[in-house]
Amino acid sequence: MRQSGIAFVTLLGLLLLTACAGSPPATPVNPQPAISETSLSESVALAYDPTDDSLLRADRDGLFRWRADSGWVSVNVPQTYGMSGVIVNPDQPATVYASGPGLGVIR
């Protein structure tokens, strides 16, 4: 019985090696492009603002605030496009930082 188990495992190993050796490398179904400076503006960042229970969104179209009664409303910032990050200061919730390529970080 022990020899048949060893033979089975050996045969299974050989079959796996044979099957894998002739297979081309797997190709992702939806390959993601490499991150570049130009694709950073396509990213979306979200942050919760506890001062008014709103949600902030930074994306390629700018900075926006979500409220249940009004939906997404644009936030007035020096650069109105190409935003890539937003965060609320946890120690001072009234302070929001946003970033984007060519913009740096604004408060």
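A short tour of the structure in this document, coming up. (Residues numbered from 1 in each chain as written. Predicted model: local features only at pLDDT ≥ 70, side-chain atom pairs only at ≥ 80, totals over all residues. Heavy atoms only, no water.)

This paragraph deals with the sheet that holds strand β7 (residues 104–106). Taken in spatial order, the 3 strands line up as β5-β6-β7 in an open sheet, and their pairing is antiparallel. The open sheet has two edge strands, β5 (85–88) and β7, and neither has a second partner. Each strand of the sheet is rotated relative to its neighbour by a mean of 20°, with strand direction disregarded. Relative to strand β6 (residues 96–100), β5 runs antiparallel, the two sharing 4 bridges. Directly across from G85, in β6, lies its bridge partner S99. (Pairing = 2+ DSSP bridges. Helix = DSSP H or I, 4+ residues; strand = E, 2+ residues; numbered from the N terminus. Axes fitted to C-alpha atoms, helices over the stretch in contact; angles between N-to-C directions.)

Further remarks concern the packing of aromatic side chains. Inspection of every chain in the model, using the stated rule, returns 1 aromatic pair. Over the ring of W72 we find R57; its NZ or CZ atom is 4.4 Å from the centre of that ring. (Phe/Tyr/Trp six-rings, centres within 6.5 Å; stacked < 30°, edge-to-face > 60°. Lys NZ or Arg CZ within 6 Å of the ring centre and 35° of its normal.)

Geometric values such as these leave the question of function open.
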